[in-house]
Amino acid sequence: MHGAKAKWPGSNVNYRTIFLSDIHLGTPGCQAELLLDFLRQHEAREYYLVGDIVDAWRIRRKGFLWPQAHNDVVQTLLAKAHDGAKIYLIPGNHDEFLRSYLGTHFGGIEVLQSADFTSADGKRFLVTHGDQFDSVVVNARWLAHVGDRAYGFMLWLNTRLNRLRWLWGGQYWSLSKWAKHQVKQAVNYISEYENVLTTEARRGGYDGVICGHIHSAAIREMDGIAYVNTGDWVESCTAVVELDSGRLALIDWENSARQSRKRARLRRARRKDKQLENV
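Residues numbered from 1 in each chain as written. Predicted model: local features only at pLDDT ≥ 70, side-chain atom pairs only at ≥ 80, totals over all residues. Heavy atoms only, no water.

1. As for the pairing of strand S2 (residues 13–20)
Most of S2 sits inside the fold, with 6 of its 8 residues counted as buried. With respect to chirality, the unit in which S2 leads through helix H1 (residues 32–41) into the neighbouring parallel strand S3 (residues 42–49) is right-handed. As defined by bridge partners, S2 adjoins strand S12 (residues 238–242) across 3 bridges and the pair is classed as antiparallel. Counterpart to Ile-18 in the pairing with S12 is Val-241. (Buried < 20%, exposed > 50% of the residue type's maximum accessible area, 1.4 Å probe, protein only. Helix = DSSP H or I, 4+ residues; strand = E, 2+ residues; numbered from the N terminus. Right-handed = clockwise from strand over helix to strand, strands pointing away. Pairing = 2+ DSSP bridges.)

Here it is as structure tokens:
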């Protein structure tokens with residue numbers, strides 16, 4: 001079984017491969033600053049961008065939103081490609097316009113429909129965004145767009161709730177993430193999605209599947225097939241990394257950043273106490 005959630009030290013950590021998805025550049029909910037922090041502290045030989053990197057749905061509906069941090073994410077990825085890292089971009093439903101450019105290279109980033117990835121320990125994975133296997137996206141696009149608007153409202157509300165929590169010293173809390181695990185239909189949807197993806201991997205003779213799309217990070221074994229979901233950079237800020245051994249692990253960067261801020265506050269409090277003792 002490939003690795004579960006892991007904590008990682010320091011900075012400039014090197015991996016064989018890093019998988020990211022559902023960044024949603026161009027939306028207010030994109031946690032671009034946290035992603036930049038992650039990219040600056042983690043290096044890899046290969047990067048797989050597993051769909052919904054840019055949110056064209058939101059840009060078409062609401063107009064162009066592109067803060068400097070979003071541009072910095074693109075420039076950071078291009079710089080990594082320039083420095084020799086291999087970067088593959090697999091479009092999702094929110095950036096499906098890129099499927100018109102399959103086989104094209106943008107600044108060293110290659111656009112693929114899907115990928116056949118082999119880990120260092122010889123396991124083969126299908127790498128796909130996953131929307132092709134989502135019956136709502138495939139068969140009822142209008143419903144998917146309605147759901148996307150409701151999701152956007154939830155993220156807007158979540159931002160304001162967390163501002164209040166921050167004022168009262170509380171930690172970050174994701175309303176949409178909580179709802180996914182409370183609403184029975186959402187739980188059933190996630191379970192069915194996982195089953196469909198692992199069935200597709202088994203049908204193709206793969207040892208596992210690496211995907212995104214549903215913003216629910218996970219690494220688990222399902223009837224002998226590894227199900228790996230990279231999560232997102234809107235709610236949970238997660239990535240999947242491959243160690244040199246071939247083991248896959250999930251990094252919860254929002255949690256890591258929160259713990260880092262907590263340690264920094266404790267250090268400041270200790271320094272302040274020491275200063276008061278010396279008075």
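Picking up after the structure, the text goes on.
2. Some remarks on the packing of aromatic side chains
All chains considered together, the criterion is met by 8 aromatic pairs. Arranged with centres 5.7 Å apart and planes meeting at 70°, the rings of Tyr-101 and Phe-106 form a pair that is edge-to-face. You can call Tyr-101 partly exposed: its relative accessible area is 39%. Judged by its relative accessible area of 40%, Phe-106 falls in the partly exposed class. Measuring from centroid to centroid gives 6.2 Å for Phe-117 and Phe-125, while their planes differ by 40°, and the two rings are tilted. (Phe/Tyr/Trp six-rings, centres within 6.5 Å; stacked < 30°, edge-to-face > 60°.)

3. Remarks on the sheet that holds strand S9 (residues 208–211)
Each strand in a sheet pairs with its neighbour through backbone hydrogen bonds, running either in the same direction (parallel) or in the opposite one (antiparallel). Spatially, S7-S8-S9-S11-S10 is the arrangement adopted by the 5 strands of the open sheet, whose pairing is mixed. The strands lining the two open edges of the sheet, one partner per strand, are strand S7 (115–118) and strand S10 (218–222). Neighbour to neighbour, the strand axes of the sheet diverge by 20° on average, direction disregarded. (Axes fitted to C-alpha atoms, helices over the stretch in contact; angles between N-to-C directions.)

In short, geometric facts, not functional conclusions.
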